[in-house]
Amino acid sequence: PQLLIEMLGRFASHAVRAAAPAGRRFLSAAAAPRSAKTFFSVAGGATILGLGLAASVPTLAAKEAKADWAKVRQDIAAILDEEAYDDGSIGPVLVRLAWHASGTYDATSKTGGSDGATMRFTPEAGHGANAGLAEARRRLEPIKAKHPEASVSDIWILASIVAIEEMGGPKIPFRAGRTDKNSGEWCTPDGRLPGADGGTKPGTIHHVREIFYRMGLNDQEIVALLGAHALGRCHTDRSGYSGPWTRAPTTFSNEYFRLLTEVKWVKKAWKGPMQYENADGGDLMMLPSDLAIIEDPDFKKWVEVYAKDEKKFFADFSKAYQKLTELGCRNLEGSKGWW
């Protein structure tokens, strides 16, 4: 492939020179006039057209360009507040986008994960667990347009980290270096993300472990990551479930764990899928998978720790979330992950 790219690059160079007015020579693609766009795009990398060929040849400038991550962070923070969206912030759905992009990782086959941003393509974009995430992807498109040097997959992960931090959560290390796949052939099969109900309590507990263990995560990391349910809400037109987990769905805290341990949860009487509501008002919800982690003793011990110690939860969540979002990423900048 590299040899082909080099050959196509030389072909483009000759083509531009041939198209130039007599007596005029161009020493580089950057010096070529915009009228030469028929042969290649100066800004986006050389694109060979004609004779049935269509190949992309990155320019030197595109290869060397570096994203200004401080500015990317600022631009992400600037779009988080959106009064008309859910509870006034797109932060929670940005976290869900990154979570679902990362949670496809399989430690055995080394496939899936955040590297690639494959949810842009079918069939992954249409997987049931990803319903509604087009809203998040669409809102980040202007960020990508403003910062073309940044990969979509890096932007998705950084957006979630900025959202968590802006909503009061812990600082989470971010390492850039993810690349974007160019087609749906890299999409993972449906069913890699956790479901909300395994049919029975033992079945749900088994399902939760099976999904997260496949990624290479342990019980403590599972519980810590589930603490992100402090954010956002469920929608009947997406997951089928309805309602927020907490009364502050745009604030990152240990409230999810406190509610799990202190509130009486009863089955919700409605026509939708089985979910639970608080007996003292019915304004909150929990999924069967949420209650499963207080039914299992190895999960429950961490629920109780985090319910009492928010500082401990923040520290463990930060580590687990960095690990989750870096699973399967092979070329990230900086030192290796802590794990």
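Because the structure is predicted, anything quoted here is derived from the model rather than measured.

**Remarks on the overall build of the protein**
- Regarding its fold elements, the protein presents 12 helices and 7 strands.
- A sequence separation of at least 24 residues applies to 65% of the contacts in the protein between residues at least 6 apart.
- If you sum the accessible surface of the protein, you get close to 16900 Å²; carbon and sulfur atoms cover 54% of it.

**So, the confidence of the model for the protein**
- This prediction gives the protein a mean pLDDT of 86; 80% of its residues lie at or above 70.
- Note on residues 2-63: pLDDT under 50 across the span, and 50 contacts to partners over four residues away in sequence or across chains.

**Things to note about the pattern of salt bridges**
- Summed over all chains, the structure comprises 19 salt bridges.
- The shortest N-O distance in the salt bridge between R209 and D219 comes to 3.0 Å. With R209 in helix α7 (residues 201-215) and D219 in helix α8 (residues 219-226), the pair connects residues that are 10 residues apart, well separated along the chain. D219 matches R209 in its accessibility class, with the two residues each being buried.
- A salt bridge links K312 to D316; the shortest N-O distance between them is 3.3 Å. Of the two residues, K312 and D316 both sit in helix α12 (residues 310-326), 4 residues apart, roughly one turn of that helix.
- Within the structure, one salt-bridge network assembled from shared partners comprises E82, E135, R138 and R139.

**Thoughts on α8**
- Most of α8 sits inside the fold, with 7 of its 8 residues counted as buried.
- Tucked into the core, α8 has its buried residues touching α4 (91-102), α7, α9 (255-262), α11 (297-308) and α12.
- You can read the cap of α8 off the contacts: a side-chain oxygen lies 3.2 Å from the backbone nitrogen of Q220, and it is on N218.

**Notes on the side chain of R192**
- Mapped onto the elements of the fold, R192 is located in the loop between α6 (152-166) and α7.
- The buried charged residue R192 lacks any salt bridge partner; its closest oppositely charged side chain belongs to D106, at an N-O distance of 4.3 Å.
- Reaching out from R192, the side chain makes a polar contact with the backbone oxygen of T104 at a distance of 2.8 Å.
- A distance of 3.0 Å separates a polar atom in the side chain of R192 from a polar atom in the side chain of T111.

**Re the nonpolar core**
- By size, the foremost hydrophobic cluster in this structure holds 82 residues, and its most contacted members are F212, L225, Y256, M286, F317 and Y321.
- Ranked by the residues each element gives to this core, the list is headed by α6, at 10 residues.
- In this structure, M286 is in contact with W245, Y256, L259, L260, W265, Q275, Y276 and L291, ignoring residues within four places of it in sequence.

**Some thoughts on the packing of helix α5 (residues 134-146) against α6**
- The N-to-C vectors of α5 and α6 enclose an angle of 115 degrees; their axes lie 10 Å apart at closest approach. It follows from the interaxial angle that α5 and α6 lie roughly perpendicular. The crossing of α5 and α6 is right-handed. Contact residues: R137, L140, I143 and K144 in α5; V152, I155, W156 and A159 in α6.
- Its residues assigned to classes, the contact of α5 with α6 comprises 6 nonpolar, no polar and 2 charged.

**Brief notes about the environment of G116**
- Inspection of the secondary structure assignment puts G116 in the loop between α4 and α5.
- The exposure class of G116 is buried, given its relative accessible area of 0%.
- Through-space distance from the C-alpha of G116 to that of D154 is 9.0 Å; in sequence the pair is 38 residues apart.
- Beyond its immediate stretch of four places on either side in the chain, G116 contacts S153, T179, D180 and K181.

**As for the packing of α6 against α12**
- Where α6 meets α12, the closest approach of the two axes is 11 Å, and the angle between their N-to-C directions is 165 degrees. Put simply, α6 runs roughly antiparallel to α12. The element α6 and its partner α12 pack so that their crossing is right-handed. Here α6 contributes I157, S160, I161 and I164 to the contact with α12, which in turn contributes F317, Y321 and T325.

**What about unusual backbone geometry?**
- The step from T122 to P123 runs through a cis peptide bond, and the omega angle for that step is 5 degrees.
- Inspection of the secondary structure assignment puts P123 in the loop between α4 and α5.
- A positive phi is found at K110, a non-glycine position, where the angle reads about 60 degrees.
- Residue position: K110 is located in the loop between α4 and α5.
- The class for K110 is partly exposed, based on a relative accessible area of 47%.

**Observations concerning the sheet that holds strand β7 (residues 285-286)**
- Strand order in the open sheet formed by 3 strands is β5-β6-β7, and the pairing between neighbours is antiparallel. This sheet does not close on itself; its edge strands, each paired only once, are β5 (265-267) and β7.
- In the sheet, β5 pairs with strand β6 (residues 276-278) via 3 bridges, with the strands oriented antiparallel. Bridge pairing in β6 links K267 to Y276.

Reading guide: rules and limits
- Residues numbered from 1 in each chain as written.
- Predicted model: local features only at pLDDT ≥ 70, side-chain atom pairs only at ≥ 80, totals over all residues.
- Heavy atoms only, no water.
- Helix = DSSP H or I, 4+ residues; strand = E, 2+ residues; numbered from the N terminus.
- Contact = heavy atoms within 4.5 Å.
- Areas by Shrake-Rupley, 256 points an atom, 1.4 Å probe, with all protein chains shown as cover.
- pLDDT = per-residue confidence, 0-100.
- Salt bridge = Lys/Arg side-chain N within 4 Å of Asp/Glu carboxyl O.
- Buried < 20%, exposed > 50% of the residue type's maximum accessible area, 1.4 Å probe, protein only.
- Polar contact = N/O pair within 3.5 Å; in protein donor to acceptor, adjacent residues only side chain to side chain.
- Lys, Arg positive; Asp, Glu negative; His and termini not counted.
- Core = buried A, V, L, I, M, F, W, Y, C linked by side-chain atoms within 4.5 Å.
- Axes fitted to C-alpha atoms, helices over the stretch in contact; angles between N-to-C directions.
- Parallel < 35°, antiparallel > 145°, perpendicular 65-115°, else oblique.
- Left-handed = near helix turned anticlockwise from the far one by under 90°.
- Nonpolar A, V, L, I, M, F, W, Y, C, P; charged D, E, K, R; others polar.
- Pairing = 2+ DSSP bridges.

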